[in-house]
Amino acid sequence: MDPAKLELIRMAAEQASGKTGRDLAPVMLALITSANRQGIRFSPDEVTLILEILKKGKSKEEQEQIDRTVRMTSSIFQRHSK
């Protein structure tokens, strides 16, 4: 994986530490925005990996909240990436 992508993922994981599902939306938005500014695009597999990292150590309810947040915001992310 591209080192720049790994660094973005590492920073997002640090920022996500201790946050609940709902509080992760700004972290994800910042990750996508930062990546877009650098001309970086994440593949669907990479996005799945990022979500798994963000969900690590979270309760089942928090993981479900993350999934709901991602579903709700995915159309916004898709519009920004075009």
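All of these numbers come straight from a predicted model, not from anything done at the bench.

A. Structural detail: the environment of Ala35. Relative to the elements of secondary structure, Ala35 occurs in helix α2 (residues 24-37). A C-alpha to C-alpha distance of 8.7 Å links Ala35 and Ala4, two positions 31 residues apart in sequence.

B. Quick look at the pattern of salt bridges. Tallied over the entire structure, the rule returns six salt bridges. For Arg10, the salt bridge is made with Glu14, and the minimal N-O distance between the two is 2.2 Å. Of this pair, Arg10 and Glu14 both sit in helix α1 (residues 3-16), four residues apart, which is roughly one turn of the helix. What makes Arg10 partly exposed here is its relative accessible area of 38%. A salt bridge links Asp67 to Lys55, with the shortest nitrogen-to-oxygen separation between them at 2.9 Å. In this pair, Asp67 is assigned in helix α4 (residues 60-81) and Lys55 in helix α3 (residues 44-55), connecting sequence segments 12 residues apart. Bridged by salt links that share partners, the residues Glu7, Arg10 and Glu14 form one connected network.

C. Structural detail: the side chain of Lys55. According to the relative accessible area criterion, Lys55 is buried, its value standing at 11%. A polar contact of 2.9 Å, which involves the side chain of Lys55, links it to the side chain of Asp67.

D. Inspection of a nonpolar patch on the surface at higher detail. On the surface, Met1, Leu6, Leu49 and Ile53 cluster together to form a nonpolar patch covering roughly 330 Å² of accessible area. On the accessibility criterion, Leu6 (44% relative accessible area) is partly exposed.

E. Representation of α1. In a regular helix each residue adds 1.5 Å, so 14 residues correspond to 20 Å; α1 covers 20 Å between its end C-alpha atoms and thus fits that length. Packing partners of the buried residues in α1 comprise α2 and α3. With a side-chain oxygen positioned 2.7 Å from the backbone nitrogen of Ala4, the residue opening α1 is Asp2. Of the residues trailing α1, Gly18 is marked for its positive phi of about 80°.

Cut-offs and rules
- Residues numbered from 1 in each chain as written.
- Predicted model: local features only at pLDDT ≥ 70, side-chain atom pairs only at ≥ 80, totals over all residues.
- Heavy atoms only, no water.
- Helix = DSSP H or I, 4+ residues; strand = E, 2+ residues; numbered from the N terminus.
- Salt bridge = Lys/Arg side-chain N within 4 Å of Asp/Glu carboxyl O.
- Buried < 20%, exposed > 50% of the residue type's maximum accessible area, 1.4 Å probe, protein only.
- Polar contact = N/O pair within 3.5 Å; in protein donor to acceptor, adjacent residues only side chain to side chain.
- Patch = residues over 30% accessible without salt bridge, like charges linked within 9 Å, V, L, I, M, F, W, Y side chains within 5 Å.
- Areas by Shrake-Rupley, 256 points an atom, 1.4 Å probe, with all protein chains shown as cover.
- Expected span 1.5 Å × (residues − 1).
- Contact = heavy atoms within 4.5 Å.

So, to be careful, I would describe these as geometric facts and stop short of saying anything about function.
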